[in-house]
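# A structural walkthrough
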Amino acid sequence: MTQIDKRFSESWKKLPWKKFRKNLFGLQKRLYAAVGRGDKKTARKLQKLILRSWSAIWLAIRQVTQLNRGKKTAGIDGKAKLSFAERFRLSEVLRKGVFRWKHELLREIAIPKKDGTQRILKVPTIRDRAWQCLVKYALEPIHEVSFHQHSYGFRPGRSCHDAHKKIFHHLRSQSKGYEKRILELDIEKCFDRIDHQFLLQQVELPHAIKRGLKTCLKAGINPQFPEQGTCQGGVISPLLANIALNGIEMIHNCVRYADDLVFILKPSDHAEAILQKVEQFLAKRGLNIKQSKTKLVTAQQGFDFLGWNFRVQSNQKFRSRPSQENFLAFRAKVKSVLHNSHYGASVKAQKLGAIVRGWRNYHRYCCMDGSRFSLWHLRSRAAKIFRKERKQDRVSTQKLLTLAFPCVSYRENQHINVRGNKSPFDGDFLYWSKRNSKFYDGLTARLLRKQNHSCARCGLYFDTTESVQVHHVDGQHHNWNPDNLVAIHTSCHHFVHM
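Residues numbered from 1 in each chain as written. Predicted model: local features only at pLDDT ≥ 70, side-chain atom pairs only at ≥ 80, totals over all residues. Heavy atoms only, no water.

## Comments concerning helix H16 (residues 376-387)
The terminal C-alpha atoms of H16, which comprises 12 residues, lie 17 Å apart, in line with the 16 Å expected from a rise of 1.5 Å per residue. Against helix H13 (324-338), helix H14 (345-362) and helix H17 (394-404) lie the buried residues of H16. (Helix = DSSP H or I, 4+ residues; strand = E, 2+ residues; numbered from the N terminus. Expected span 1.5 Å × (residues − 1). Contact = heavy atoms within 4.5 Å.)

Structure (structure tokens):
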């Protein structure tokens, strides 16, 4: 690192991040409240304040360059990351040009789908992703007021586990789930077919920002459909999809996660009439139902949704398990690590630990009984591969297996759903920090309770936008003494180790 880069990195670290977060949240909270009481004039002023705010600009740059999972994915300009000096220059560009933004073209990445076809992921540049993130800060609180409470995908404070629990409420024996039917729907190429004109009419933004958003939508269009589609690799795309599909929940009782949805039908409900209403709803948005994936099944036949298989057993008891497709994909991922000759046993164990823990955490609220989901066969295969290394004996192999296949407790159907239409923008800090803490267990959960659900470095409550990480105070990662461990934000962890 040169002397100039070092100077900029120190300046980046010394920025008042805690103050930025408080300022932005304060504006978003006021915006959410203004929309809730119908004060559109104040809401528009607050939106412009957010778009011009240095706090929002710095946090948007930090989000896309430091926190997002796809932060190292290059756009059409080939830049996979920004230096600290480039981040400061980008802040000036955003401050001066946010209201006259012209989006660059998108880089297309082909991703194979399970049916053999390809899905084209369209990735904006880091510069454009920062602008989209800034616009999202001003747009999300407004639409959170009107979003349906049974919409759970890509919304702050909501998750797929909420959708899981809602299906449980519909199909359990007390709700006579054994009598119900499920209408499974698949929207054909949802992100690629959303009508631009309709979307721009629904979006609540200043006219100048709408013009920038229009260039964003036009940047990644399909020549065959010049007035349709959103950039699927963009920061703002999931929010735009939610805005376009908002209201479909009012047609009939359903559970929606982004563009995946299922309708729950009672014996007296007519599936054909519901399907016709859905088709009319989607047609206004330039969308269609994919007929090959649309089917009506009974609760006892079961159905797959979000990686789970839901079914009502013959004894009228509701049961959910990982779907066959989800388990096979997980097993393939584990085997790819085990059979990779570039890794040693210790590296394989570390990589497997992250994969297995993530999979088990995702399925922690469904039934995981049986040898199949205990991963006994995969563990046995891993033991044989680890033992092939000369330096590994029975004791060291057992330690590696414990690291590679960590135990995660599961509690069937015990997830607590988010309360009604509550939103993180409503200012109920304690509710959201405690709720966020329930997503962790073991050591992290104990540290969160000890710290009263707040970050040990910045002192702010944990929210739904950032994950929690365990930090070793003395920097010695082998020292697991409870007094040496604290829970902090991911971003705070980055700054500690800069």
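Next, the rest of the story.
## So, the environment of Leu265
Among the structural elements, Leu265 can be located in strand E5 (residues 260-265). Taking relative accessible area as the criterion, Leu265 reaches 0% and is therefore assigned buried. Expressed as a C-alpha distance, the spacing of Leu265 and Leu378, which sit 113 residues apart in the sequence, is 39 Å. Once you skip the residues sitting within four places of it in the chain, Leu265 turns out to touch Lys180, Arg181, Leu183, His252, Ala271, Ile274 and Leu296. (Buried < 20%, exposed > 50% of the residue type's maximum accessible area, 1.4 Å probe, protein only.)

## As for the sheet that holds E5
The strands that make up a sheet pair up through hydrogen bonds in the backbone, lying either parallel or antiparallel. Spatial strand order, E4-E5-E3-E6: 4 strands in an open sheet with antiparallel pairing. On the outer flanks of this sheet lie strand E4 (254-257) and strand E6 (295-298), each paired with one strand and no other. Averaged over all adjacent pairs, the angle separating strand axes in this sheet is 20°, with direction ignored. Here strand E3 (residues 181-186) runs beside E5; their pairing, made up of 6 bridges, is antiparallel. Bridge assignment links Leu183 to a residue of E5, and that residue is Phe263. Running over the sheet, helix H7 (residues 160-171) touches E3, E4 and E5 and is turned about 165° from E4. (Pairing = 2+ DSSP bridges. Axes fitted to C-alpha atoms, helices over the stretch in contact; angles between N-to-C directions.)

## Looking at the pairing of E3
Counted residue by residue, E3 has 5 buried out of 6 residues, so it is predominantly covered. Judged from the 4 bridges that link them, E3 and E6 form a sheet pairing that is antiparallel. Note on E6: the bridge partner recorded for Arg181 is Thr298.

## Looking at the packing of aromatic side chains
If you walk through the whole model with that rule in mind, you get 22 aromatic pairs. Taking 5.7 Å as the distance between ring centres and 85° as the angle between the ring planes, the aromatic pair formed by Phe327 and Phe373 counts as edge-to-face. One end of the pair, Phe327, is in helix H13; the other, Phe373, is in helix H15 (residues 371-374), with 46 residues separating them in the sequence. The pair Phe327 / Phe373 is uniform in exposure class, with both members buried. An aromatic cluster is built from Phe8, Trp12, Trp17, Phe20, Trp54, Trp58, Phe84 and Phe88, whose rings are joined through pairwise contacts. Arg87 extends its terminal NZ or CZ atom over the ring of Trp12, reaching a point 4.8 Å from the ring centre. Seen from the ring of Trp101, Arg127 lies directly overhead, with NZ or CZ sitting 4.1 Å from the centre. (Phe/Tyr/Trp six-rings, centres within 6.5 Å; stacked < 30°, edge-to-face > 60°. Lys NZ or Arg CZ within 6 Å of the ring centre and 35° of its normal.)

## Section: the sheet that holds strand E9 (residues 318-322)
Pairing within the open sheet is antiparallel, and its 3 strands lie in the order E7-E8-E9. Looking at which strands have only one partner, the edges of the open sheet turn out to be strand E7 (303-305) and E9. The sheet shows a mean angle of 30° between the axes of neighbouring strands, taken without regard to direction. Examined bridge by bridge, strand E8 (residues 308-312) and E9 share 5 bridges and lie antiparallel to one another. Note on E9: the bridge partner recorded for Val312 is Phe318. With respect to the sheet, H7 is in contact with E7, E8 and E9, its orientation differing from that of E8 by roughly 10°.

## Some words on the side chain of Arg158
Mapped onto the elements of the fold, Arg158 is located in the loop between helix H6 (126-144) and H7. It is Glu144 that comes nearest to the buried, bridge-free Arg158 among opposite-charge side chains, at 4.6 Å. Reaching out from Arg158, the side chain makes a polar contact with the backbone oxygen of Lys422 at a distance of 2.8 Å. Here Arg158 is in contact with Gln149, Ser151, Tyr152, Val418, Gly420, Asn421 and Lys422, once residues within four sequence places are set aside. (Lys, Arg positive; Asp, Glu negative; His and termini not counted. Salt bridge = Lys/Arg side-chain N within 4 Å of Asp/Glu carboxyl O. Polar contact = N/O pair within 3.5 Å; in protein donor to acceptor, adjacent residues only side chain to side chain.)

## Notes on the packing of helix H2 (residues 17-36) against helix H4 (residues 54-67)
It is at 8 Å that the axes of H2 and H4 come closest, and there the two elements cross at 110°. Considering the angle they form, H2 stands roughly perpendicular to H4. When you trace H2 past H4, the crossing you get is left-handed. Note on element contacts: H4 touches H2 through Ser55, Ala56, Trp58, Leu59 and Arg62, opposite Trp17, Phe20, Arg21, Asn23 and Leu24. The class makeup of the residues in the contact of H2 with H4 is 6 nonpolar, 2 polar and 2 charged. (Parallel < 35°, antiparallel > 145°, perpendicular 65-115°, else oblique. Left-handed = near helix turned anticlockwise from the far one by under 90°. Nonpolar A, V, L, I, M, F, W, Y, C, P; charged D, E, K, R; others polar.)

## A short note on the environment of Thr402
Inspection of the secondary structure assignment puts Thr402 in helix H17. Put simply, Thr402 and Ala349 are 53 residues apart on the chain and 8.5 Å apart in space, counted from C-alpha to C-alpha. Of note is the side chain of Thr402, whose polar atom sits 2.9 Å from the backbone oxygen of Gln398.

## Comments concerning helix H5 (residues 84-97)
Its 14 residues place the ends of H5 20 Å apart at the C-alpha level, agreeing with the 20 Å of an ideal helix rising 1.5 Å per residue. Among the residues of H5, those classed as buried are Phe84, Ala85, Arg87, Phe88, Leu90, Ser91, Leu94 and Gly97.

## Here we look at a nonpolar patch on the surface
Taken together, the side chains of Phe429, Leu430 and Tyr461 define a hydrophobic patch exposed on the protein surface, amounting to about 260 Å² of accessible area. With respect to the secondary-structure elements, Tyr461 resides in the loop between helix H19 (442-450) and strand E10 (468-472). (Patch = residues over 30% accessible without salt bridge, like charges linked within 9 Å, V, L, I, M, F, W, Y side chains within 5 Å. Areas by Shrake-Rupley, 256 points an atom, 1.4 Å probe, with all protein chains shown as cover.)

## A closer look at a positive patch on the surface
On the surface, a cluster of positive charge is made up of Arg331, Lys335, Arg372, Arg381, Lys384 and Lys388. Looking at the positive patch, the elements that each hand over two or more residues are H13 and H16. Position of Arg372 among the secondary structure elements: in helix H15. (Charge placed at Lys NZ, Arg CZ, Asp CG, Glu CD.)

That's the geometry; what it means functionally is another story.
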